[in-house]
Amino acid sequence: MGQEAASVILTEFRAYRRRFERITAGAGERFRGADWSGVQAASLARLSLYKTHVEQAAAQLDPDCRGIGPAGWADAKGAYAKAIAEMPDGDLAETFYNSVHRHITQDPVLDSTRMFLATSFDSGPSPPGESLISRYRPGAGLKDMVRRILDERAPSMPWQNQDRDIRNVIRSLIEALPEAASGERFEVEVCKALFYRNKGAYIVGSLRLGGDPSAPERERVWPLALPLAMSASGEAYVDTLICDEDELSIVFSFTRAYFMVRSPYPSGLVRFLNELLPNKKRSELYAAIGQHKHGKTEFHRGFQEHLRQSDDAFIAAPGIKGMVMTVFTLPSYQTVFKVIRDEIPPPKTVTATEVREKYHIVKSHDRAGRMADTQEFENLRLPLGRFVPEVLDELRAAAPSALRIEGSQLLIRHLYAERAMTPLNLYIENADLRVLTDALDEYGNAIKQLAAANIFPGDMLLKNFGVTRHGRVVFYDYDEISFLTEINFRAVPEPRTPEEEMAAEPWYSVGPNDVFPEEFRRFLFGKPQVKQLFAALHGELFTPDYWRGLQQAVAQGQTMDVFPYRRKRRFSSKRR
């Protein structure tokens, strides 16, 4: 019976992977054809595959298999482990098995005899005859090497002006790394697969200098990325060169949509990326390549290991206490945990079910680099003794239905885990003029880019935005988000009488989706200096016509260019 269950689950996993890879394989054609609406549709379709196939696997197991009990599931796990031992995507297969097991049993107990709590695929061998990377050396000069990289890694690409792009890349490379000019002891390692996302395609790899066999310790390594874009006339060009870890980290940010990248050997690809971005968690990198469910598995494994090796306490997250969520954090792990309150007080009208729906929208939508990705957990166990009393009391008061104490563990039935950021209101509290200006400019850009992605944040107070370690402003409070096209942006009517002008409450009718941008001045900013500075930077956000223009662009299917690097980094050559 266990063997039968293992066989059904593995068959469905393979079906899931075939469909996943088929959608991913179409990314190149969509990019070359500038099919941006197709890009969005493919991303949504791929995201829904996992749940569909987990449910199909569960449905195919006959009633006897579904009730096999702990011993039967232990047999199923053993049979499944043998079957996937040599699979290049066995790490994903483990997570898929766990998902089916939890879906069928609804068992909150984590038992290593029945589930894959640890993995056997951290350092598995590469599939025979297959390598993830290609190596290039400037034997005939830098120009020849860059041309070979472009031709081989982006074959059949309709180039706008490849010679110009090569000159731009070499000039930018030498400006960043003057020692590269000689081409001596110089090697580039490039991932064979292109990374596609939204309107971009990325050649990703590393650059090595000084690889003298007699002194390998002197070798220096930099990450390398060449973002490709498509002109209005359907010709590709290299948009910039990235050879800085922080800049590449932003490209792989948790605020971005997932890449379309062929990954028959996912753990190997993640290890390669981790060498380029050592400060990124494996969970984030798995999510970045589209394996968000396995990213959740990696997050849980990494977090549990961190708990075993640390002793700091769960404390209240910095910032103003929310009305919809109660939020706590473990400072040493740069993560916040958000639990929906049992009762959401007025003036909030949202329900817990609606909050979950809005978080699902964020998961499946283009986050445009301005919304934080989250991991949703059910029945997460945390050590009770690690909570400070104030946080435990707050959880008991705010969400008693979500809690259960089991010995030394606190079981939380439902929560979201999210990257910790500095709340924007705290970030600017004592900021000097330069820092304040940069933060407010980022805040306005975040609102505009969300709107261009058809997202209206709803509650745009500064406390609902955070600042990343790279200084980017990101929205993270989703209980009032809506699609931009659903909002009715209105001008405040002129008062007809002195009484109307002096009225404390609106004297005109206000519909549930009505928004008055003129009022943003009054309630978004407390300090006059902040209000005036923001008005100088992004004053158009106070006008309904600006928002209506964005709505029209979205309705016409226009897709905004949102670059995961600063505009000043872009090559300035004219693109016809």
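Residues numbered from 1 in each chain as written. Predicted model: local features only at pLDDT ≥ 70, side-chain atom pairs only at ≥ 80, totals over all residues. Heavy atoms only, no water.

Caption draft 1: Focus on the overall build of the protein. A count of helices and strands for the protein gives 20 helices and 19 strands. A globule of 576 residues ought to have a C-alpha radius of gyration of about 25 Å, and the protein, at 26 Å, matches this closely. Along the three orthogonal principal directions, the C-alpha set of the protein runs to about 80 × 65 × 45 Å. By residue count, 54% of the 576 residues in the protein fall in the buried class. (Helix = DSSP H or I, 4+ residues; strand = E, 2+ residues; numbered from the N terminus. Rg over C-alpha atoms; globule rule 2.2 N^0.38 Å. Buried < 20%, exposed > 50% of the residue type's maximum accessible area, 1.4 Å probe, protein only.)

Caption draft 2: A look at the nonpolar core. Core analysis: the largest hydrophobic core is formed by 95 residues, its most contacted members being Tyr80, Phe195 and Phe252. If one sorts the elements of this core by residue count, helix 1 (residues 2-25) sits on top with 9 residues. What phenylalanine 195 contacts, discounting residues up to four positions off in sequence, is Gly200, Ala201, Tyr202, Val204, Phe252, Phe259, Met260, Val261, Leu269, Leu273 and Ile289. Counting 50 residues, the second largest nonpolar core, distinct from the first, contains Met325, Val473, Tyr478 and Val554. (Core = buried A, V, L, I, M, F, W, Y, C linked by side-chain atoms within 4.5 Å. Contact = heavy atoms within 4.5 Å.)

Caption draft 3: Inspection of the sheet that holds strand 15 (residues 465-467) at higher detail. With antiparallel pairing, 3 strands are arranged side by side in an open sheet as 13-15-16. Two strands in the sheet have a free side with no partner beyond their single neighbour: strand 13 (422-423) and strand 16 (473-475). With 2 bridges connecting them, strand 13 and strand 15 associate as antiparallel partners. Within strand 15, the position partnered with proline 423 by the bridge is glycine 466. Packed onto the sheet, helix 16 (residues 433-452) meets strand 15 and strand 16 and runs at close to 40 degrees relative to strand 16. (Pairing = 2+ DSSP bridges. Axes fitted to C-alpha atoms, helices over the stretch in contact; angles between N-to-C directions.)

Caption draft 4: Quick look at the packing of aromatic side chains. Tallied over the entire structure, the rule returns 43 aromatic pairs. With a centroid separation of 5.6 Å and 55 degrees between ring planes, the pair formed by phenylalanine 13 and phenylalanine 96 is classed as tilted. Within this pair, whereas phenylalanine 13 is found in helix 1, its partner phenylalanine 96 is found in helix 6 (residues 90-105), the two being separated by 83 residues in sequence. By relative accessible area, phenylalanine 13 is classed as buried at 1%. Overall, the relative accessible area of 0% leaves phenylalanine 96 in the buried class. Aromatic side chains tyrosine 202 and phenylalanine 259 sit 5.8 Å apart centroid to centroid with 80 degrees between the ring planes, which places their arrangement in the edge-to-face category. Here tyrosine 202 is found in strand 4 (residues 200-209), whereas its partner phenylalanine 259 is found in the loop between helix 9 (245-251) and helix 10 (266-276), with 57 residues between them in sequence. Like tyrosine 202, the residue phenylalanine 259 is buried in the burial classification. Joined through ring pairs, the aromatic side chains of Tyr359, Tyr416, Tyr443, Phe465, Phe475, Tyr478, Phe525, Phe534 and Phe542 make up one cluster. Above the face of the phenylalanine 116 ring, lysine 77 is positioned so that its terminal group lies 5.1 Å from the ring centre. (Phe/Tyr/Trp six-rings, centres within 6.5 Å; stacked < 30°, edge-to-face > 60°. Lys NZ or Arg CZ within 6 Å of the ring centre and 35° of its normal.)

Caption draft 5: Highlighting the state of the cysteines. With the rule as written, the count across this model stands at 0 disulfides. Lacking any disulfide linkage, cysteine 191 is separated from the closest cysteine sulfur, that of cysteine 243, by 18 Å. The class for cysteine 191 is buried, based on a relative accessible area of 3%. For cysteine 243, a relative accessible area of 9% translates into the label buried. (Disulfide = S-S within 2.5 Å.)

Caption draft 6: Focus on the side chain of glutamine 449. Tracing the chain through its elements places glutamine 449 in helix 16. Beyond its immediate stretch of four places on either side in the chain, glutamine 449 contacts Ala368, Arg370, Arg472, Met560 and Val562.

Caption draft 7: A look at helix 19 (residues 528-538). Within helix 19 the residues assigned to the buried category are Val530, Leu533, Phe534 and His538. Buried residues of helix 19 fall within an arc of 105 degrees about the axis and therefore sit on the same side. With respect to the buried face of helix 19, the exposed residues turned more than 90 degrees away are Pro528, Gln532 and Ala536. Those residues of helix 19 hidden inside the fold are in contact with helix 16. (Arc of directions from axis to C-beta.)

Caption draft 8: Spotlight on the pattern of salt bridges. Per the stated rule, a full pass over the model turns up 33 salt bridges. A salt bridge links arginine 569 to glutamate 247; the shortest N-O distance between them is 3.5 Å. Separated by 322 residues along the polypeptide, arginine 569 in the segment after helix 20 (544-555) and glutamate 247 in helix 9 bring together distant segments of the chain. Arginine 569 gets classed as partly exposed once you look at its relative accessible area, which sits at 30%. (Salt bridge = Lys/Arg side-chain N within 4 Å of Asp/Glu carboxyl O.)

Caption draft 9: Structural context of the pairing of strand 11 (residues 403-406). When strand 11 meets strand 12 (residues 409-419), the two strands line up antiparallel, connected through 4 bridges. Residue pairing for strand 12: arginine 404 is matched across the bridge by leucine 411. In this structure, the hairpin formed by strand 11 and strand 12 is closed by a connection of 2 residues, where glycine 407 is found at a positive phi of approximately 65 degrees.

Caption draft 10: Focus on the packing of helix 1 against helix 3 (residues 36-60). One way to put it is that helix 1 packs onto helix 3 with a least axis distance of 9 Å and a crossing angle of 170 degrees. Here helix 1 lies roughly antiparallel to helix 3, going by the angle between them. Only Ala42, Ala45, Arg46, Leu49, Tyr50, Thr52, His53, Gln56, Ala57 and Gln60 of helix 3 make contact with helix 1, whose side of the interface consists of Val8, Glu12, Ala15, Tyr16, Arg19, Phe20, Ile23 and Thr24. Of the residues contributing to the contact of helix 1 with helix 3, the split by class is 10 nonpolar, 5 polar and 3 charged. (Parallel < 35°, antiparallel > 145°, perpendicular 65-115°, else oblique. Nonpolar A, V, L, I, M, F, W, Y, C, P; charged D, E, K, R; others polar.)

Caption draft 11: Spotlight on the packing of helix 16 against helix 19. Two elements in contact, helix 16 and helix 19, have axes separated by 10 Å at closest approach and are oriented at 55 degrees. As far as their axial angle goes, helix 19 and helix 16 are oblique. Helix 19 is crossed by helix 16, and the crossing has right-handed handedness. Residues Leu433, Leu436, Thr437, Leu440, Asp441, Tyr443, Gly444, Asn445 and Lys448 of helix 16 touch helix 19, and the partners they reach there are Gln529, Val530, Leu533, Phe534, Leu537 and His538. Tallied by class, the residues present in the contact of helix 16 with helix 19 amount to 8 nonpolar, 5 polar and 2 charged. (Left-handed = near helix turned anticlockwise from the far one by under 90°.)

Caption draft 12: Structural detail: a positive patch on the surface. A grouping of Arg14, Arg18, Arg19 and Arg22 is seen on the molecular surface, where their side chains present a positively charged patch. With respect to the secondary-structure elements, arginine 18 resides in helix 1. Its relative accessible area of 53% is what places arginine 18 among the exposed residues. (Patch = residues over 30% accessible without salt bridge, like charges linked within 9 Å, V, L, I, M, F, W, Y side chains within 5 Å. Areas by Shrake-Rupley, 256 points an atom, 1.4 Å probe, with all protein chains shown as cover. Lys, Arg positive; Asp, Glu negative; His and termini not counted. Charge placed at Lys NZ, Arg CZ, Asp CG, Glu CD.)

All we've got here are geometric facts, nothing functional implied.
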